[in-house]
Amino acid sequence: MRPESTNGTGGGGLAVPMAWLCAEYVADELLRAGGLVEPGSLEYQAGRRTLALTVYLGDGTGDATGPDAQERLDEWLARTEYGHPWEEWVRERLAARRERDGDEDGGLALARETWQRLEGTHLLATDLGALSAGPAAAPAVDESEAVWLPSWRLGLPLGHLALRLH
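First, a word on scope: everything that follows refers to the structure included in this document.

Criteria and thresholds
Residues numbered from 1 in each chain as written. Predicted model: local features only at pLDDT ≥ 70, side-chain atom pairs only at ≥ 80, totals over all residues. Heavy atoms only, no water. Helix = DSSP H or I, 4+ residues; strand = E, 2+ residues; numbered from the N terminus. Contact = heavy atoms within 4.5 Å. Phe/Tyr/Trp six-rings, centres within 6.5 Å; stacked < 30°, edge-to-face > 60°. Buried < 20%, exposed > 50% of the residue type's maximum accessible area, 1.4 Å probe, protein only.

So, about the environment of Gly-107. Summarising the element assignment, Gly-107 is placed in helix H5 (residues 106-120). Put simply, Gly-107 and Pro-17 are 90 residues apart on the chain and 5.5 Å apart in space, counted from C-alpha to C-alpha. Among residues more than four places away in sequence, those in contact with Gly-107 are Pro-17, Trp-20 and Tyr-56.

Structure below.
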């Protein structure tokens, strides 16, 4: 995939860095295979973005098959599981990558943009806030009570379920 421009301003490289492209591809394949939500829906986009960030920032941009596949899947599962401080992990990894690679890394720029979209896009979903104290201590969740959540809060469990189904 080369930039469309041929006037010398495109740089001749990939328009999308390969590491980010691979992360998005893996996330898309996992969500499609899981069949949990309709592709193209807001929920699907939240899950794809959340998984792509997890894959990219986890340095595991290989696919979900091959010799190291189970290790990568286990890492992604651990990062997306309930109770893992995923939000802090993303912020720390983005800061570490920026310090290491600077602002010239196109994949990092796409990851930061994706994180901003995940934080800035809010979806109306069932309020799972009661579960924050832990499933054992929480009262029953009222599924009719909905709140606006940053899209990553919906995408994270969706991505985790897709990984489990793989």
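Okay, back to it.
All right, on to the packing of aromatic side chains then. A full pass over the atoms with the stated rule returns 4 aromatic pairs. Taking 5.3 Å as the distance between ring centres and 75° as the angle between the ring planes, the aromatic pair formed by Trp-20 and Tyr-56 counts as edge-to-face. Taken together, the positions of Trp-20 in helix H1 (residues 18-34) and Tyr-56 in helix H2 (residues 42-57) put the pair 36 residues apart, joining distant regions of the chain. Among the residues examined, Tyr-56 registers a relative accessible area of 4% and is labelled buried. Arranged with centres 5.7 Å apart and planes meeting at 65°, the rings of Trp-86 and Trp-115 form a pair that is edge-to-face. Of this pair, Trp-86 sits in helix H4 (residues 86-101) while Trp-115 sits in helix H5, placing them 29 residues apart in sequence. Across the pair, exposure class does not vary: Trp-86 and Trp-115 are buried alike. Aromatic ring contacts, followed pair by pair, group Trp-86, Trp-115 and Trp-152 into a single cluster.

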